[in-house]
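Here is what each chain is made of, one letter per residue.
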Amino acid sequence: MASPVQAQAKVAGTSGPWRLVGPWYRWARPGLPEDGRLSAPAIQKFAGNDFITDFLARPQHSLKYDPVVDVVQTQDLVKVPGATLRSLLLALNAKGQVAKQSDVAAGLYRPRVAPGSLRKLYQPAHDRHYLVTCELHCDAPGFPRVTRDQVCQAGFVVRRRRSVVPANITPVDIEAQTAPVRTLEADLMALRTLDAAVSDPQSSAELKLNTQARQATLASQAGQPNWAALVQHTLNALAAKRLALQQWYEQNQITVAVDGWFPVLVNGKPSTTFGYWKELSAAEQQQDITSGEHTYPMYPLVPDPRETTHDAAGRTVYYGLVPTGGLQHDTQAHARFDDQATYEVRCFVRQHHACPGRAGKAPDCHGALVWSRPTEPFRVAAPFDVLGSANRPITIKMPDLRELAAQAALRPKGRLSPVRFVQPQHLSPKIDDGKPVENSVGGEAICSFSIPLITIIALFVLNLFLPIVVFVFNLWFLLVFRFCIPPSVQAAAGLDAALAVTPPGIDLDAEFTVKLNGVDVLVKPDELKDRLTKSNGFMELRVQQETGMDEVPVLDAMGNNALGAIDQSLQDAAARQPDAQGKLPDAPPVGEPLVYEDPVTPVWTLKGATA
């Protein structure tokens, strides 16, 4: 018996097996059957809440995948000779763990961002949405489409991929093979960071000039004729390392197991919450979904017949919304979707069968299933992903104290306090000289609060504990993620101005030269350290004023690379001052810019029915 994925059964209107493939505009050569026959369904990226409407109007008009943002990022470790626990932004040991004093003798490491090749899908809360799209064809000369009336069901499944490692292969062996790949990924990221500094509209002319000079120097040091050649050389080296890693996996029989999600039956019906993963054999991966595996629906894309140039005109296209979260979990409370597992999507359609439909059954048809190839593997982003959450900026306007004071003078008698807390036991601490004292648990009470009051206290608590956290744990780099306009301190000058035009990736703990106001400025590490920490305690005073700390922090134990990042974050904020009328400047842009795929036209005219 032929496998369902090959769909050898003949159906009226077709003259060969069916193939469920990717949409024509995502083939290597758009619309060419030779490229489409072996293509997999595409996962297209969108932004905005009306993405379905936009997709139906222009299916191929989806967002481009960014080689840095839309992939799973890991950290490459770089050993820093002579480093101390406080000289780095975050000191790590050789295993990538936060270092302790006992790790100093063996050497400390700093992390570098290493974007991999595994796709990352963001959450709807990140303003990113994904559709899986595919086309249905008959594998016959001309690759004609199969008409929609021959299909009685369309859908897809989301499956989990797991690496199966032989017992003789240890984590140390795998780390030895993956480390060179990760290092090249981090090297490429460093090059892309320089490119970003040149193209960033917020970069000053002098920063762009110094960055371009840095690019020329790196290309010369690598023996490459120019910057573009260096980037391409790194890309080629990375591709070769990834291929060698894949070959090592195959040679050592490191394989992939595929699991399907099966809902638990509750009162004879599949639960929408509880389920479990079950490993599927190669044959089970192509079995009929009546086995109980959880499925998601796909919908036909039916264009207006008058739009003859529509991307789906004359084609049988299906689409479905790819889930990236939800309430599903197993009996051990492990979520079905998390940021550690790897997933894939596989689409299917069911052929109509001549037999009468099965009343009240799902599916109601006896036809065979046609499976697509699996999509590219992916992971889902964590809800707190820093890159994803930046795509959904939130503005919270704090209450105006003048308005609150005016409202309080009217004695509203609780009408403006809609948040009500009903307390079976009343917990109201007593304060003596600013410190809580022992108190007893009271009886039943009801307290109502105004939302503006809650908001003011919440921000106060955040500002109160921020300096405590960064001081107690030496997490000073967290200050980079705080940006206030206007800042508490004014802009500095001198070496701070030199830092502002220093290209990314420069080692600030070594001597370097930058061009400032047309003049080459030699920056010596000792002088830079003195300027940042010992010149009237300027750096410490700025941090103290920004965080509201009681005492001036001591930062002279930190290295220049750590201090430089904090300094420039404060400088970026200090450069944004109110104008003469007191109007605040715009905040810097956040999130990923929306870049769409280039429009493509088919290179092959589809043969077959047009209905």
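Counting starts from 1 at the beginning of each chain's written sequence and moves along it residue by residue. pLDDT decides what is reported in this predicted model: residues at 70 or higher carry local features, side-chain atom pairs at 80 or more are listed and counted, and totals for whole chains, interfaces and linings draw on all residues regardless. With hydrogens and water stripped out, all remaining heavy atoms of the structure feed into the side-chain values.

Novice: Provide a residue-level description of the overall build of the chain, including the pertinent values.
Specialist: A run of DSSP states H or I qualifies as a helix once it reaches four residues; a run of E qualifies as a strand once it reaches two. Both are numbered from the N-terminal end. Scanning the chain for helices and strands turns up 12 helices and 20 strands. Principal axes of the C-alpha set define a box for the chain whose edges measure 85 × 75 × 60 Å. Burial here depends on accessible area, computed with a 1.4 Å probe over protein chains only, as a share of the maximum for the residue type. Under 20% is buried, over 50% is exposed, and the range in between is partly exposed. Evaluated residue by residue, the chain yields a buried proportion of 38% over its 611 residues. Contacts in the chain between residues far apart in sequence, at least 24 positions, make up 71% of those at least 6 positions apart. We get accessible surface area from the Shrake-Rupley algorithm with a probe of 1.4 Å; when it comes to residues, only the shown protein chains can shield them. Total accessible area on the chain is roughly 34000 Å²; 57% of this is exposed by carbon and sulfur atoms. As used throughout, the charge tally considers Lys and Arg to be positive and Asp and Glu to be negative, leaving His and the chain termini uncounted. In plain terms, the charge of a residue is placed at NZ if it is Lys, CZ if Arg, CG if Asp and CD if Glu. Taken together, the 59 basic and 61 acidic charged side chains of the chain have centroids lying 6 Å from each other. For this analysis, residues touch if any pair of their heavy atoms sits within 4.5 Å.

Novice: Tell me about the packing of aromatic side chains, residues and numbers included.
Specialist: Each pair of aromatic rings taken from Phe, Tyr and Trp, with Trp reduced to its six-membered ring, is defined by centres within 6.5 Å and is described as stacked if the planes are under 30 degrees apart, edge-to-face if over 60, and tilted in the remaining cases. All told, the structure shown has 16 aromatic pairs when counted by the stated rule. A ring pair is formed by Phe156 and Tyr296, whose centres lie 5.2 Å apart and whose planes are at 15°; its orientation type is stacked. One end of the pair, Phe156, is in strand 6 (residues 151-164); the other, Tyr296, is in strand 9 (residues 296-297), with 140 residues separating them in the sequence. A relative accessible area of 14% places Tyr296 in the buried class. A ring pair is formed by Phe471 and Trp476, whose centres lie 6.5 Å apart and whose planes are at 75°; its orientation type is edge-to-face. Put simply, the rings of Phe46, Phe51, Phe55, Tyr299 and Tyr319 pair up and form one aromatic cluster. Criterion for a charge above a ring: Arg CZ or Lys NZ at most 6 Å from the ring centre, at most 35 degrees from the ring normal. Geometry around Tyr65 places Arg119 over its ring, the cationic atom sitting 3.9 Å from the centre. The ring of Trp371 has Arg159 lying over it, and the distance from NZ or CZ to the ring centre is 4.9 Å.

Novice: Outline the packing of helix 11 (residues 538-547) against helix 12 (residues 560-574), supporting the account with residue identities and numerical values.
Specialist: Every axis in this analysis is a line fitted to C-alpha atoms, fitted for helices over the stretch in contact. Angles between the N-to-C directions lie between 0 and 180 degrees. One can describe the packing of helix 11 onto helix 12 by two numbers: an axis separation of 11 Å at closest approach and a directional angle of 55°. The angle between the axes of helix 11 and helix 12 places the two elements in the oblique class. Crossing handedness for the pair helix 11 and helix 12: left-handed. Judged by residue contacts, Met539, Arg542, Val543 and Glu546 of helix 11 engage Leu563, Ile566, Asp567, Leu570 and Gln571 from helix 12. In this count, Pro and Cys sit with the nonpolar residues alongside Ala, Val, Leu, Ile, Met, Phe, Trp and Tyr, while Asp, Glu, Lys and Arg are called charged and the others, Gly among them, polar. Grouping the constituent residues of the contact of helix 11 with helix 12 by class yields 5 nonpolar, 1 polar and 3 charged. Any angle between 65 and 115 degrees counts as roughly perpendicular, while under 35 counts as roughly parallel, over 145 as roughly antiparallel, and the rest as oblique. Crossing handedness follows the turn of the near helix against the far one: under a right angle anticlockwise gives a left-handed crossing, and clockwise gives a right-handed one.

Novice: So what about the nonpolar core? Which residues, and what values?
Specialist: Nonpolar cores were defined as sets of buried Ala, Val, Leu, Ile, Met, Phe, Trp, Tyr and Cys residues, with membership established by side-chain atoms within 4.5 Å. By size, the foremost hydrophobic cluster in this structure holds 34 residues, and its most contacted members are Phe156, Met298, Val322, Val345, Cys347, Val349 and Phe378. Among the elements of the structure, strand 1 (18-21), strand 5 (129-138), strand 6, strand 12 (342-351) and strand 14 (378-380) are those that each provide at least two residues to this core. In terms of residues, this core owes the most to one element, strand 5, which gives 5 residues. Each residue touching Val349, except ones within four places of it in the same chain, is listed here: Trp18, Leu20, Leu136, Val151, Gln153, Ala154, Tyr318, Ala368, Leu369 and Val370. Counting 23 residues, the second-largest nonpolar core is a separate cluster that includes Trp476, Leu499, Val523 and Ala562.

Novice: Summarise the confidence of the model for the chain; cite the residues concerned and give the values.
Specialist: In low-pLDDT segments, the atomic positions of the prediction should not be examined closely. In the predicted model, the chain carries a mean pLDDT of 88, and 92% of its residues have values of at least 70. Segment residues 1-14: pLDDT under 50, and 32 contacts once partners within four positions in sequence are set aside and those in other chains are kept. On a range of 0 to 100, pLDDT expresses the predictor's confidence in each residue.

Novice: Lay out a negative patch on the surface in plain terms, naming residues and giving numbers.
Specialist: Together, Glu511, Asp526, Glu527 and Asp530 give the surface a local cluster of negative charge. Considering the arrangement of structural elements, one finds Glu527 in helix 10 (residues 525-534). Among the residues examined, Glu527 registers a relative accessible area of 44% and is labelled partly exposed. The patches described consist of residues with a relative accessible area above 30% and no salt bridge, like charges being joined within 9 Å and nonpolar side chains (Val, Leu, Ile, Met, Phe, Trp, Tyr) within 5 Å. Each salt bridge in this description consists of a side-chain nitrogen of Lys or Arg and a carboxyl oxygen of Asp or Glu lying within 4 Å of one another.

Novice: How would you sum up the pattern of salt bridges? Please name residues and give values.
Specialist: Inspection of the entire model under this criterion finds 26 salt bridges. A salt bridge links Asp76 to Arg112; the nearest nitrogen and oxygen atoms lie 2.9 Å apart. On the criterion of sequence distance, the pair formed by Asp76 in strand 3 (residues 71-80) and Arg112 in strand 4 (residues 108-121) is long-range, its members being 36 residues apart. Here the two residues Asp76 and Arg112 agree in accessibility, since each one is buried. It is possible to trace a salt-bridge network through shared partners that takes in Lys45, Asp70, Asp127, Arg128, Arg392 and Glu592.

Novice: Outline the side chain of Arg346, listing residues and values.
Specialist: Summarising the element assignment, Arg346 is placed in strand 12. Among buried Asp, Glu, Lys and Arg side chains, Arg346 stands out as unpaired, with Glu344 the closest opposite charge at 5.1 Å.

Novice: Could you give an account of the pairing of strand 7 (residues 255-266), with specific residues and numbers?
Specialist: Of the strand pairs in this sheet, strand 6 and strand 7 are connected by 5 bridges, and their pairing is antiparallel. Bridge pairing in strand 7 links Arg161 to Val258. Pairing of strand 7 with strand 8 (residues 269-280) involves 8 bridges; the strand directions are antiparallel. By the bridge assignment, Asp259 is partnered in strand 8 with Glu279. The antiparallel hairpin formed by strand 7 and strand 8 contains 2 residues in its connecting segment, where Asn267 sits at a positive phi of about 55°. A pair of strands counts as paired when DSSP detects no fewer than two bridges linking them.

Novice: Tell me about the pairing of strand 20 (residues 519-523), residues and numbers included.
Specialist: Direction of pairing for strand 19 (residues 512-516) relative to strand 20: antiparallel, over a ladder of 5 bridges. The partner of Thr513 across the bridge, within strand 20, is Leu522. In sequence, strand 19 turns back onto strand 20 through a hairpin of 2 residues, with Asn517 there showing a positive phi of about 55°.

Novice: Outline helix 5 (residues 227-251), listing residues and values.
Specialist: In this analysis, the expected span of each helix is defined as 1.5 Å times one less than the number of residues it contains. In a regular helix each residue adds 1.5 Å, so 25 residues correspond to 36 Å; helix 5 covers 36 Å between its end C-alpha atoms and thus fits that length. Those residues of helix 5 not exposed but buried are Trp227, Ala229, Leu230, Val231, Thr234, Leu238, Leu245 and Trp248. Next to the buried residues of helix 5 lie helix 3 (171-199) and helix 4 (205-221). In protein, a polar contact requires one atom able to donate a hydrogen and another able to accept it; more generally it is a pair of N or O atoms within 3.5 Å, and residues adjacent in sequence count only if both atoms are side-chain atoms. With a side-chain oxygen lying 3.3 Å from the backbone nitrogen of Ala228, the N-terminal cap of helix 5 falls on Asn226.

Novice: Quick one: what's the story with helix 12, residue by residue and with numbers?
Specialist: Taking 1.5 Å of rise per residue, the 15 residues of helix 12 would be expected to cover 21 Å, and the 20 Å separating its terminal C-alpha atoms lies within 8% of that figure. Most of helix 12 sits inside the fold, with 12 of its 15 residues counted as buried. Within helix 12, the full set of buried residues consists of Asn560, Ala562, Leu563, Gly564, Ile566, Asp567, Gln568, Ser569, Leu570, Gln571, Ala573 and Ala574.

Novice: I'd like a rundown of unusual backbone geometry, residues and numbers included.
Specialist: In most cases, non-glycine residues show a negative phi, while peptide bonds are predominantly trans. Not every positive phi belongs to a glycine, and Arg411 is a case in point at roughly 50°. As for its placement among the helices and strands, Arg411 is situated in the loop between helix 7 (401-408) and strand 15 (419-423). Overall, Arg411 belongs to the exposed group, its relative accessible area being 65%. Even without being a glycine, Lys413 presents a positive backbone phi close to 55°.

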